[in-house]
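Geometric and topological summary
Spelled out from the first residue to the last, the chains are:
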Amino acid sequence: MKLHEYQSKQIFAKYGIPIPKGRVAVTASEARQIAEELGGRVVVKSQVLVGGRGKAGGIQLANNPEHAEELATKILGMEIKGLPVRKVLVDEAANIDQEIYLGITTDRAARKPVMMASAAGGIEIEEVARQTPEKIIKVHIDPLLGLRDYQARNIACNIDLSRDYWRDFGKIANGLWNAYAATDATLAEINPLVTTKDKRLIALDGKMLVDDNAMFRHPDLTEMRDLDTETRAETDARKYGLSYIQLEGDIGCMVNGAGLAMTTMDIVKLFGGAPANFLDIGGGASAEKVAAALRIILSDPNVKAVLFNVFGGITRCDEVARGVLAALDEVRPEVPMVVRLVGTNAEEGRQLLADANMITAETLADAAQKAIAAAKGEAS
Amino acid sequence: MKLHEYQSKQIFAKYGIPIPKGRVAVTASEARQIAEELGGRVVVKSQVLVGGRGKAGGIQLANNPEHAEELATKILGMEIKGLPVRKVLVDEAANIDQEIYLGITTDRAARKPVMMASAAGGIEIEEVARQTPEKIIKVHIDPLLGLRDYQARNIACNIDLSRDYWRDFGKIANGLWNAYAATDATLAEINPLVTTKDKRLIALDGKMLVDDNAMFRHPDLTEMRDLDTETRAETDARKYGLSYIQLEGDIGCMVNGAGLAMTTMDIVKLFGGAPANFLDIGGGASAEKVAAALRIILSDPNVKAVLFNVFGGITRCDEVARGVLAALDEVRPEVPMVVRLVGTNAEEGRQLLADANMITAETLADAAQKAIAAAKGEAS
Amino acid sequence: MSILINKNTRLLVQGITGNEGLFHTSQMVEYGTNVVAGVTPGKGGEWVLGGKIPVFDTVSIAVQATEANASVLFVPARFTPDAIFEAADAGIPLIICITEGVPVQDMMRVRNYLDQKNIRLVGPNCPGLLTPGESKVGIIPGNIAIPGNIGVVSRSGTLTYEVLYALKLLGVGASTCVGIGGDPVNGTNFIDVLGMFENDPQTDKVVLIGEIGGTDEEKAAEFIETRMTKPVIAFIAGQTAPPGKRMGHAGAIIEGGSGTAADKIKALQAAGVKVARHPEEIPSLLS
Amino acid sequence: MSILINKNTRLLVQGITGNEGLFHTSQMVEYGTNVVAGVTPGKGGEWVLGGKIPVFDTVSIAVQATEANASVLFVPARFTPDAIFEAADAGIPLIICITEGVPVQDMMRVRNYLDQKNIRLVGPNCPGLLTPGESKVGIIPGNIAIPGNIGVVSRSGTLTYEVLYALKLLGVGASTCVGIGGDPVNGTNFIDVLGMFENDPQTDKVVLIGEIGGTDEEKAAEFIETRMTKPVIAFIAGQTAPPGKRMGHAGAIIEGGSGTAADKIKALQAAGVKVARHPEEIPSLLS
C-alpha cells in the first residue's frame, strides 16, 4: 500500500525526523488559511499516489496566502497521470542548501533491508542510480540488530556530509529505520533530505510503501488507505482478496495463481489476442470469491469473451465451478465463456459446468485460441 | 541493584502481568487504610532486600483492617537478617490453587538469557532445583529474537499447566521477557505465579535484579534505589565508583582490581590475618577516589592496619600515591599503613610516598605479613 | 533417487486441524506420503483422518514421539514465523511453508535465523514438493505427474502444475518437483535447487519456471553456465505484464526497470538455456 | 611463535583520542607494537603522538587506508557494542575490548552476532594481550614480563600482572599472556585460549588464573583432562569471599551455591592441575 507524502511525513515526524511545518487542505480557501498561519512563502503540493508531480506542475511555490489560494485552486483542479488531485499539502518553504537522498528498502538478493543514500538527492535520483551508481551509498542492515550508529556514520562520511550535521543525520537515519521497521514498510524514503541555509536538516519530501501482508498488525495504517485513488473494480477486488489490474484488451481472464495468470495473458498475446485484465483468484477461492471475480471482469465494457483457466491445487475445481454457476445466475453474462479446469476435483467441476453452455478446452493453447475466436464472434 | 518486591511487581504490571491489588505503607495506620480500601483478607509483607522474609515472620495474613494494622506495627518494628523493615506491602489475599515458579536470568555458559519454570513453585524452589533438577524446565532465549510464543507454549506444556491457562501464561511469559529486556535485568522472577480458585493466573511475589552497568539508560530505575538499606560507607563507595564490602577482620585492604583484591584478602587469611573489607578502587582511580576509599576504610573502627596493594595498569601508581597523600592530609590516620606499588609509574608513586612514613613491601606475601604484624602492633 | 523428499521422509503437518491442513493431509496420505504426526497447539491428544494421525501440542513433543524429519506448514500467516522457529528449534532439518501472505520483514528475520542454524526452508507461499511415486509434501496435485528423470523447479504454483501435466500427457516424468514460491524473501532459491539436481543421479534434465521480478533467474543463468552439466529448459511468465504494475505476487513487481521477462530470457539464453514460448512447448524442447 | 598477536599485528585503536586511549597507545607504541591507526568519530584527519598515528572517522576507512588486522577498544561502555559491531563489519578478525561496565544484555547480543561471523573478541573488561618482546595490545604493563615459554591466561586484570611479575623476578618468561576479562558474558573463554596454547609450539606450560563465579574453570578442567598434553598450573582468587556477596566483578557473584573457589580448585586438581595457594607460589610449581 502506498502512503501519501503527507502521511509518510507524519510517520517520519513520529520517529523524530524533522519535517517542514504544514498541513493538508482539500479546498483552496483552507490552503490560504494554512499559508496565513505559517506566514512567509509556502509550497503547495498535490497529494497523489504517483511520481512526477513536480514536472506535471503539481508542486508550486507561493509568495503569500492569496497566491497559495490561487495555486491551490489550480492544482486541486488537476489530474496527474490520470489521477485527480483531491488534496494539497501546504508546507512552509525551506531555504535549501544541499539535497540528499536517504531511503530504506528490501534487498531481495541479500535478504536484508538496505539503506541507500546519495549526496545527489532530488528528483533526478533514478537517473543518478543509472548513470553513476557509485554515487549511491548502500549499507545493509541486519534485520535482527537494526541500523547501528556506526552505519549512519559510515553513510554520512561516504556522502561527504559536513561533520556539523553528523549528529542530526544519525538521528534521522535511526528514525527512518525505526519508521520502516515499526510500520512493516517495504520502502521508506526521504527525497530530498535538505540542509538549509540556517544549518538544519529537514525531510522535505517523503514516500512510504507498507506491506499489505502485515496490515493485520497495523490497524492505524489500514485507516490511512486512500480509497479515492482506487477504481471501483480494484476496491471490490481487494475486498474479496483478489488481485485485479485492468488492461486494454478484450479477453477477460480469470485464473488461479499469479504465475499462471500472467502465463495466460502471455499466451493470449502469443496467439494474437489481447488480455483485458490480470486477475488472480488466489488460493482456496470460495464460490462467493469467484462470483465476485466474474462480476468485476464483466464490469469492463471492453470484454468480448472470458477465459477461465483453473488448475486445481489449493483451489478445488468443484468450488470454482460452483462459484461460476452462482455468478452466472446473478450476472447472466452475454459474452461467450471458455473454460479449462484441470487438477483437484476437476471432473466434479466439469460436470457441474457441463449444462451451462460453456466452451471447454483441454490444453492451455487450445483455450487461448478458442477465447480469441470467441471474442471475434467466431463459433468454436 | 536489587529491587523490592513492590517495585518488581509494579514493573511486571507495566508489562501486562496480573498482580494482586495492593499498595505500600510506611506506617501501621496507612496499612490499615489500605486494608480497608481493599476489603477482605490482606497479606502484610515486609519490604526488605533479603530472602527468607516468610520464615522470619515478615509476611503475614490479616483477616481485617484492625488485624492488618496490628501486624504492620509488628512487622515495621522487625529486623530481618540485620535489615530494618521500613515499608510493608499490603496486598489483597489470593485464593491459591497451584504455585508455579517462573524466572529469567543470564546463563553465562550459554551466553543467553534462560527462562526457567517449575510446577513446584514457592519458597522451596531452590530445594527443588537441588534435589529434583528435572522438575525445573529451562528454555534458552535468543537474545536477538526474544522469547517466542512457541517457547512459552513448550514451557506451559512441560510444567503440565492446564490448557485453560495457556493463553494467559503466554502473555505473562512474554511480559516477563519484555520486563527483563526493557530494564536490563539480570534476574526477573515470579515466585509464586499462582493459579486461583476462580481460574486466574496472578504474580503473587516478584523479584528483579537490574544491571548496575546499564543504569545510564534507565534514569527511572536509578530513582528506585533504596538508600535506606545501604550502610553509609556503601553509599559513599558507590558515589565514587568503588566496590566496598565490609567484613569482620582488622586489616583494611585497598586494592585495584577485584581479582587482586580477593587475592589480597586470601593471602592475608593464608598468613593468619583477617581482612576487614573488600575494596576495589577500580581502573583509572583519581586522587579523589583513592582519598574517598581511604576514608571509607578508616571509618570502620575495627581496622588496626591498612594494606595498600596497587599493581599499576590502567591505574597509574603516581595517581594512587597522590590520592593517598591527599587522603592522609585530610584523614590523618592513626593506624599503620603498609604500601606496595608495582607497575606503571611505580617509581614516581613510591617517591611521592617516600616521605610519608609508610611501611613498604616488595612482594605480596611480604606485604601481607607486614600488615599482619603491624595490626598486632609489632614493629616492622 | 530424488532430492529433498523420498519414501523415507517422515512428515509432520503443522496446522493439521485447520480446513486446508486436514484436506491436504488426506491428499498426501492418499498419495502415500508417510505423514507421522500433526501439531495444533491446544489439540494435543486428538487423532485425525479416522484415527490414523496423532496430533500434538508442540513440535518438540511430536518429534520426540514420531521422529519426524520434515515439516509442512498450513498455519495462518501471522503465526507462520513462530511455527518456523518452533520447527527449527525442535531440530527439523527441512521445513516446507505453504502459507501465503507472510510479511516480508518477518521473513527476513526468519531467513537470517535459519541461515545460522543451517536449516532448509522451502517457501513460504509455495506449493511444496513432489517426488512422484514416493512422497508429496504440500498441495501439488499428485495425479498430474509421473516418476521420471526431469527435475522441475518453479517460483510459481499453478503454473508448475501446467508444466507437470503437459509432461505427463507426453509420458515424460519428474524426479522431484520443487515449488520455491514467489515471495521477495524466501527460504530456497533457484541455485540451491539447481545444485541439488546437478548432484542427483536420477535427474537428467531440469525445467526451470521463473517469472518477472527480482534477479533470481539471472543468478540461475550464471550458475547454469558455470556449474551445471545437465541441460536446463526454462519458461518465464509475465512477458505481457505492464512495467511497474503489481501482479498479486510481491515477487512480480518489476524493480527499478530490471527483472523484466525479456532480461531474464536473454540471460538464460546466453547461458545456453532453451526458453519455451509457452508452457506446453516445454516437452518438445526436452527431447 | 605466540598466540593471537605477534610482530605482524597491525593494530587499530578505537577511542584513540580519549585520555586512556592516548596514554595506553603511547605505552603500546613505546613497547614496539605496530599501531597503524586510530579511530574517533569526528576527529578524522588529525594525527596523534606527535604526528605518528593517523586518526580516522570510521573503522572502515581506517582499515582501507592501513590494513589494520586487530583492533583494541578504549571507548566508553555505552558506545562499546557499536564499536565492536563496527570493527566486525569492517572485517577485523581480532577485537580486544578493554572497556569495563558494558551491560550484560548488550554483550549477549554482541557475542551472538560475532559467533555468526566467526570473529574473535577478547574481553570486555580485560587488560588485553601481551606477547613479550613482540606486541602489547591493551594495558598490561610491558616491563613486568619477559619472553619465554609459559602461556598465561586469566580472568583477572591486576592479578595477572602479579603473576607475570613473579615469573619475571625468577627469570621465567611468557609466550603470550591473555586477559579474558571477568564479565559474565565475554568474547573468549578459558578453553578457547587453552586450545590455542596447546597448539602453539612456543608454549610449553600454561598458567591459568581464575576466580569465583561461573563455571569457566570447571569447563577448563574438563578440557585440560581430555584435550591437553601440556602441564597447567592454576590459581583461583576468592577463597575468602563470603558466599553471595558481590565482589565488584559481576563475574565474582557466586551463583546458586556453585562456582566457589573450593569447587573450582577441586575440579582442577582432579584434572591433574597443580593449584597454587597464592600467586607468588606459581613459579615454584612450574619447575
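1. Description of the overall build of chain A
Along its length, chain A carries 13 helices and 19 strands. Seen through its principal axes, chain A has C-alpha atoms that stretch 75 × 50 × 40 Å. Across the 380 residues that make up chain A, the buried fraction comes to 54%. For chain A, the computed accessible surface area is about 16000 Å², with 46% contributed by carbon and sulfur atoms. Charge-centre separation for chain A: the mean point of 45 positive side chains lies 4 Å from the mean point of 52 negative side chains.

2. Side note on helix α10 (residues 287-298) of chain B
The end-to-end C-alpha distance of α10 of chain B is 17 Å, a good match for the 16 Å that twelve residues give at a rise of 1.5 Å each. All buried positions along α10 of chain B are accounted for by Lys 289, Val 290, Ala 291, Ala 292, Ala 293, Leu 294, Ile 296 and Ile 297 of chain B.

3. Quick word on the pairing of strand β2 (residues 35-39) of chain D
Residue and element names in this part refer to chain D. Of all five residues making up β2, five are buried, and the element is well covered by its neighbours. With four bridges joining them, strand β1 (residues 11-14) and β2 adopt parallel strand pairing. The residue of β2 that forms the bridge with Leu 11 is Val 35. In this sheet, strand β4 (residues 53-56) lies alongside β2 in parallel orientation, the contact comprising two bridges. Bridging across to β4, Val 39 finds its partner in Phe 56.

4. Describing the pattern of salt bridges
All names here are of chain A. Within this structure, the stated rule accounts for 62 salt bridges over all chains. Between Arg 200 and Asp 198 there is a salt bridge, and its shortest N-O distance comes to 3.2 Å. Classification of Arg 200 as partly exposed rests on a relative accessible area of 40%. By relative accessible area, which is 47% here, Asp 198 ends up partly exposed. One salt-bridge network, in which partners are shared between bridges, spans Glu 5, Lys 9, Lys 45, Arg 53, Asp 91 and Asp 205.

5. Quick look at the state of the cysteines
Residue and element names in this part refer to chain D. Following the criterion strictly, the structure yields zero disulfides over all chains and no others. Of all cysteine sulfurs in the structure, the one in Cys 126 sits closest to Cys 177, which takes part in no disulfide; the separation is 10.0 Å. By relative accessible area, Cys 177 is classed as buried at 1%.

6. Points about the sheet that holds strand β4 (residues 59-62) of chain A
As a general point, the strands of a sheet are linked pairwise by backbone hydrogen bonds and lie either parallel or antiparallel. Residues and elements named next belong to chain A. The sheet built from four strands is open, its strands ordered β2-β7-β3-β4 with antiparallel pairing. Edge positions in the sheet fall to β2 (22-25) and β4, since each has one partner strand and no second. Strand after strand, the sheet turns through a mean of 20° between neighbouring axes, direction not considered. Inspection of the sheet shows strand β3 (residues 42-46) paired to strand β7 (residues 88-92) by five bridges, in the antiparallel sense. Along β7, the bridge assignment pairs Val 42 with Glu 92. Contacts between helix α2 (residues 28-38) and the sheet are confined to β2, β3 and β7, with β2 contributing the most and set at about 170° to the helix. On top of the sheet, helix α3 (residues 65-76) reaches β3, β4 and β7; it is set at about 165° to β4, its chief contact.

7. Remarks on the packing of aromatic side chains
Under the criterion given, the structure shown has eight aromatic pairs over all chains. Aromatic pair Phe 311 of chain A and Tyr 165 of chain C: ring centres 5.6 Å apart, planes at 80°, arrangement edge-to-face. Taken together, the positions of Phe 311 of chain A in strand β17 (residues 305-312) and Tyr 165 of chain C in helix α5 (residues 158-169) put the pair across two chains. Neither residue differs from the other here; Phe 311 of chain A and Tyr 165 of chain C are each classed as buried.

8. Considering unusual backbone geometry
Of note, the amide linkage connecting Asn 191 of chain A to Pro 192 of chain A takes the cis form, showing an omega dihedral of 5°. Looking at where Pro 192 of chain A falls in the secondary structure, it is placed in strand β11 (residues 185-196). Phi at Lys 199 of chain B takes a positive value of approximately 65°, unusual for a residue other than glycine. By secondary structure assignment, the location of Lys 199 of chain B is in the loop between β11 (185-196) and β12 (201-203).

9. A short note on the packing of helix α9 (residues 258-270) of chain A against helix α13 (residues 364-375) of chain A
Residues and elements named next belong to chain A. One can describe the packing of α9 onto α13 by two numbers: an axis separation of 9 Å at closest approach and a directional angle of 60°. For the element pair α9 / α13, the angle class is oblique. Seen along the crossing, α9 lies across α13 with a hand that is right-handed. Between α9, through Thr 263, Thr 264, Ile 267 and Val 268, and α13, the contact on the second element is made entirely by Leu 364, Ala 365, Ala 368 and Ile 372. Looking at the contact of α9 with α13, its residues break down into six nonpolar, two polar and no charged.

10. Brief notes about the sheet that holds strand β1 (residues 11-14) of chain C
Residues and elements named next belong to chain C. As summarised here, the arrangement of the seven strands in space is β3-β4-β2-β1-β5-β6-β7, forming an open sheet in which the pairing is mixed. Pairing within the sheet leaves two strands with one partner each, and these edge strands are β3 (47-48) and β7 (120-122). By the bridge criterion, three bridges tie strand β5 (residues 70-73) to strand β6 (residues 94-97) in an arrangement that is parallel. Within β6, the residue paired with Leu 73 across the bridge is Cys 97.

11. Some words on the domain arrangement of chain A
Partitioning chain A into structural domains gives domain 1 (1-20 + 96-229), domain 2 (21-93) and domain 3 (231-375). A C-alpha centroid distance of 43 Å is found between domain 2 of chain A and domain 3 of chain A.

12. Looking at the packing of α2 of chain A against α3 of chain A
For any two helices packed against each other, the geometry comes down to the angle between their axes and how far apart the axes lie. All names here are of chain A. Here α2 crosses α3 at 145°, and the two axes come no closer than 8 Å. In terms of crossing hand, the pair formed by α2 and α3 is right-handed. Seen from α2, the contacting residues are Ala 28, Ser 29, Ala 31, Arg 32, Ala 35 and Glu 36; seen from α3, they are Pro 65, Glu 66, Ala 68, Glu 69, Ala 72, Thr 73 and Leu 76.

13. A word on the side chain of Gln 47 of chain A
Residues and elements named next belong to chain A. Tracing the backbone through its elements, the reader meets Gln 47 in the loop between β3 and β4. We classify Gln 47 as buried; its relative accessible area is 4%. Within the local environment of Gln 47, its side chain forms a polar contact with the side chain of Glu 5, the two groups lying 2.9 Å apart. In terms of polar contacts, Gln 47 uses its side chain to reach the backbone carbonyl oxygen of Lys 45, at 3.3 Å. Discounting chain neighbours no more than four positions away, the residues touching Gln 47 are His 4, Glu 5, Tyr 6, Arg 53, Val 85, Lys 87, Val 88 and Leu 89.

14. Brief notes about the domain arrangement of chain C
All names here are of chain C. Entries for chain C in the domain assignment read domain 1 (11-122) and domain 2 (140-286). Each of domain 1 and domain 2 was reduced to a C-alpha centroid, and the two centroids are 26 Å apart. Contact with domain 2 buries surface across domain 1, with Arg 111, Arg 120 and Val 122 losing the most and accounting together for 50% of the total. Linking domain 1 with domain 2 are one salt bridge.

15. Examining the nonpolar core
Counting 144 residues, the largest nonpolar core has Phe 169 of chain A together with Phe 169 of chain B as the members making the most contacts within it. Not counting chain neighbours up to four residues away, the residues in contact with Phe 169 of chain B comprise Leu 102, Ala 152, Ile 155, Ala 156, Ile 159, Leu 161, Leu 193 and Leu 201 of chain B.

So, how was this worked out
Residues numbered from 1 in each chain as written. Chains lettered and ligands numbered in written order. Predicted model: local features only at pLDDT ≥ 70, side-chain atom pairs only at ≥ 80, totals over all residues. Heavy atoms only, no water. Helix = DSSP H or I, 4+ residues; strand = E, 2+ residues; numbered from the N terminus. Buried < 20%, exposed > 50% of the residue type's maximum accessible area, 1.4 Å probe, protein only. Areas by Shrake-Rupley, 256 points an atom, 1.4 Å probe, with all protein chains shown as cover. Lys, Arg positive; Asp, Glu negative; His and termini not counted. Charge placed at Lys NZ, Arg CZ, Asp CG, Glu CD. Expected span 1.5 Å × (residues − 1). Pairing = 2+ DSSP bridges. Salt bridge = Lys/Arg side-chain N within 4 Å of Asp/Glu carboxyl O. Disulfide = S-S within 2.5 Å. Axes fitted to C-alpha atoms, helices over the stretch in contact; angles between N-to-C directions. Contact = heavy atoms within 4.5 Å. Phe/Tyr/Trp six-rings, centres within 6.5 Å; stacked < 30°, edge-to-face > 60°. Parallel < 35°, antiparallel > 145°, perpendicular 65-115°, else oblique. Left-handed = near helix turned anticlockwise from the far one by under 90°. Nonpolar A, V, L, I, M, F, W, Y, C, P; charged D, E, K, R; others polar. Domains from an automatic or database assignment. Polar contact = N/O pair within 3.5 Å; in protein donor to acceptor, adjacent residues only side chain to side chain. Buried area = accessible area lost by both parts, 1.4 Å probe. Core = buried A, V, L, I, M, F, W, Y, C linked by side-chain atoms within 4.5 Å.

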